[in-house]
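The residues making up each chain are set out below.
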Protein chains: 2
Amino acid sequence: MTVTIKDVARRAGVAQSTVSLVLNQKENIHEQTRLKILKAIKELNYHPRRSARGLATRKSNNIGFILNTQFFTQTEPFYTKVFLGASFEAIKHGYYVLLASVDDNFDPKKSLPNFLLERHVDGVVLAGRVPDSIITYIRQQDIPIVLVDYRVDHFATHAVLIDNLNGAYEAVSHLINQGHRRIAFVGGSCHHPSIQERYDGYKKAIGVLGSHNELNDKLVDLREEESSPQIGFDSTKKLLSLKPRPTAFFTVNDAVAIGCIKALRQSSLRVPEDVAVIGFDDVEWGLHMDPPLSTVRVFKEELGATAARKIIHIIQNKTTVIEKTIIGTELVIRESCGGMRTKDKYEF
Amino acid sequence: MTVTIKDVARRAGVAQSTVSLVLNQKENIHEQTRLKILKAIKELNYHPRRSARGLATRKSNNIGFILNTQFFTQTEPFYTKVFLGASFEAIKHGYYVLLASVDDNFDPKKSLPNFLLERHVDGVVLAGRVPDSIITYIRQQDIPIVLVDYRVDHFATHAVLIDNLNGAYEAVSHLINQGHRRIAFVGGSCHHPSIQERYDGYKKAIGVLGSHNELNDKLVDLREEESSPQIGFDSTKKLLSLKPRPTAFFTVNDAVAIGCIKALRQSSLRVPEDVAVIGFDDVEWGLHMDPPLSTVRVFKEELGATAARKIIHIIQNKTTVIEKTIIGTELVIRESCGGMRTKDKYEF
DNA sequence: TTTATTTTATAAAACCGTTTCGAAAATGAC
DNA sequence: GTCATTTTCGAAACGGTTTTATAAAATAAA
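Reference entry: report on the structure contained in this document. As the structure is a computational prediction, the values presented were derived from the model and not from experiment. Residue numbering note: each chain is counted from 1, following its sequence as written. The order in which chains are written sets their letters, starting at A; the order in which ligands are written sets their numbers, starting at 1. Local features in this predicted model are restricted to residues whose pLDDT is 70 or higher, and side-chain atom pairs enter the listing and the counts only when it is 80 or higher, whereas totals over whole chains, interfaces and linings include all residues. Only hydrogens and water are set aside when side-chain values are computed; all heavy atoms of the structure are taken into account.

1. Digging into the interface of chain B and chain A
So the rule is basically this: Working rule for contacts: check all heavy atoms of both residues, and any pair within 4.5 Å makes them a contact. By convention, the term buried area covers the 1.4 Å-probe accessible surface removed from two parts as they join, with the contributions of both added. Only one rule defines a salt bridge in this text: a Lys or Arg side-chain nitrogen within 4 Å of an Asp or Glu carboxyl oxygen. Think of a polar contact as two N or O atoms within 3.5 Å of one another; within protein, one of them needs to be a possible hydrogen donor and the other a possible acceptor, and neighboring residues in sequence only count if both atoms come from side chains. Only DSSP runs of H or I with at least four residues qualify as helices, and only runs of E with at least two residues qualify as strands; both kinds are numbered from the N terminus onward.
Listed per partner, the contact involves 42 residues of chain B and 42 residues of chain A. Carbon and sulfur atoms supply 64% of the area buried between chain B and chain A, which totals about 3,900 Å² over both sides. Contact with chain A buries area across many residues of chain B, yet Arg49(B), Tyr96(B) and His288(B) alone supply 16% of it, more than any other trio. The residue Glu118(A) makes a salt bridge to Arg50(B) at a minimum N-O spacing of 2.4 Å. Where chain B meets chain A, there are 10 residue pairs in polar contact (both at pLDDT 80 or more). Elements represented by at least two residues in the side of chain B that touches chain A include exactly helix 4 (50-57), helix 5 (78-92), strand 2 (96-102), helix 6 (114-117) and helix 11 (254-266) of chain B.

2. A look at the protein's contact with DNA strand D
Where we set the bar: Being near a molecule or strand, for a residue, means having at least one of its heavy atoms within 4 Å of it.
Neighbouring residues of DNA strand D: 28 residues in total, closest Thr33(A), Ile5(B), Ser20(B), Tyr46(B) and Arg53(B). Backbone atoms, meaning sugar and phosphate, make up 66% of the atoms of DNA strand D lying within 4 Å of the protein. A distance of 2.8 Å is found between a phosphate oxygen of DNA strand D and a side-chain nitrogen or oxygen belonging to Arg53(B). Contributions of two or more residues to the surface near DNA strand D are made by helix 2 (16-23) and helix 4 (50-57) of chain A together with helix 2 (16-23) and helix 4 of chain B. Element by element, the count of residues in the surface near DNA strand D is highest for helix 4 of chain B, at 5 residues.

3. Examining the protein's contact with DNA strand C
The following threshold applies: When residues are grouped by polarity, Ala, Val, Leu, Ile, Met, Phe, Trp, Tyr, Cys and Pro land in nonpolar, Asp, Glu, Lys and Arg in charged, and all others, Gly among them, in polar.
Ile5(A), Gln16(A), Ser20(A), Ala15(B) and Thr33(B) are the nearest of the 27 residues found near DNA strand C. Here the atoms of DNA strand C within 4 Å of the protein split so that 68% fall in sugar or phosphate, with bases taking the remainder. Thr18(B) places a polar side-chain atom, nitrogen or oxygen, 3.5 Å from a phosphate oxygen of DNA strand C. Of all the secondary-structure elements, those providing two or more residues to the surface near DNA strand C are helix 2 and helix 4 of chain A together with helix 2 and helix 4 of chain B. Looking at the surface near DNA strand C, the element that brings in the most residues is helix 4 of chain A, giving 4 residues. Here the surface near DNA strand C is built from residues that sort into 10 nonpolar, 13 polar and 4 charged.

4. Structural notes on the nonpolar core
Generally speaking, nonpolar side chains in soluble globular proteins are found buried as a group. This is how the line gets drawn: Only buried residues count toward a nonpolar core, which is a set of Ala, Val, Leu, Ile, Met, Phe, Trp, Tyr and Cys residues joined through side-chain atoms within 4.5 Å. Relative accessibility under 20% of the residue-type maximum defines a buried residue, over 50% an exposed one, and the middle range a partly exposed one, all with a 1.4 Å probe and only protein chains included.
Residues Phe250(A) and Phe250(B) are the most contacted members of the largest nonpolar core, which totals 144 residues. Counting 52 residues, the second largest nonpolar core, distinct from the first, contains Val152(A), Tyr137(B), Ile145(B) and Phe155(B).

Below, the structure is given as structure tokens:
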């Protein structure tokens, strides 16, 4: 029924081990027999079966992609894009990506992605904040790891990261250059390193370009919860009570920006005429918001693709030297941060 | 190093075949030896290796998920959600989902998802419109198929479908009940069966609840291209030139609704005061639009989950009787279709 | 009770479709 | 003709499942 390496060998008149050798591009195959075998392969339309190969080589040619369950409940499928990027890049290299999720409070002794137990993956990509315990567990199994958009300082791990610092720096610089002096930093979860870095970029811009006494803790609203439009709304409402009120809002991501703009509108403030807003991430619908949202573009698919390339490289080369790759961002100026009116500029 | 079935057998003092028997829950195992073996399994933390199992059983315990490449370029990750639904449902049943995409003009002789060639999946889910040729090919390989959000009338295939007809019917009925008499049907690709069905639902509602001469071809704008905000914008602009202009717009999906509302706004028409809009799909950001978009909710994850359950069932039971499952929709009334003002009601 | 027969539980062997490795065969150089 | 060097081969893994054989236990027949 299904054609095996044996059939190919028979038709080509060679041993199956020889077929295997040409299949795996090994040395020392006489060109003539190589062609003979290739011909037989083509004629029979032969394709080696993955599980057989996997058994013999102890490689699955799959890679696992694990993320925190709670990210799925988020408004914007940020990590989904990362996954897609990884998935399609992996295919190019002959790998498939298996998706799994873990809870924040997960216990390796009780529940684990099955692909880890069944040796069904050769390496895993961990996306976003994941519990330490799973990192520890996977390392014990000697399965290579690459983190995406997450770092753990006490683990030496390969990682693909967003240039949050610079992204935020550029965004806030832009606001400063437009004359803004009271720039609020709106609502993100202080637990995620990426958010911290965005905050650092904000501070740096104000420190470098503004005057230092403009670095005002009151203008910053970091939260415990995962960022969301709701958080953005609440956060903005709170920040609007400041006197004088902020003239610009740099939000920790686009989801927060949505809530932020909603709050501004509810307070009868016009964007961008009265207040400037810049988000982060560049999600699809930012373009269609009213006004179209200025933001810091994150190359989500590229993050995933890079992680895929990296884990595959590690798998194939047993690389041991740890390296972190930082993917740049791009400031996307649309309408939500338009130039300030003269009146505002001299307001304070 | 890695613990195999042999180790378990040795420790339990039985033959490995016996271990295999309890692993696979077969009959005729003395309870006492069963427990003994289970104990050994637990103590050694043994997990059968997938590729070994796969080789022996000729099953991969993977399922393939194929969709049209062009859907990835679409604004809203509709099918991505379907994929996620399928993926997580599959995990519950011990399967993993492998993602692949095919071009519209793809040729099975040249390029094929590798998992098909390498017997790496036991069945596949095809999402959205896919070329006939791939369906034909997969059937030849005797690999079970389930379609999601697609139907091909000349193939008898299992399918999971959206109740587009009823969804559209309810939405348009709602508009009619609000007093609208000139309801436009805005911009979708006439090639996708789902769009056709939504159109049918629209016609049915007007036919049943309206008067028949309100069924006016001029109010309908179907396109060749895949639906998008741009299409929605163009389509709406065109429909607005009608005299008298439509008072309500039923768009073929939410992406189109975005463009539609943008066009309305550009023509200084207020939503919902001057014009009502209802979309379809219920994408994430519809809730955050201004005004929040009324729409017909499609349970995307549920579509995927159902497809996963179905394909797994077919794989395991060799079911042969074809069945189509239709998943209901839900009319979500938000603000974009609010009641009409009295003035408009009597306008014609 | 003894013997034959069936049932049940376990063991042993064959198989799934590859890769790998040591040995054999072919080739070439001297 | 001998010795190296290529090239090819055969058999043994890899880690499970499945089929078949066998021993032990249970049941039925004599």
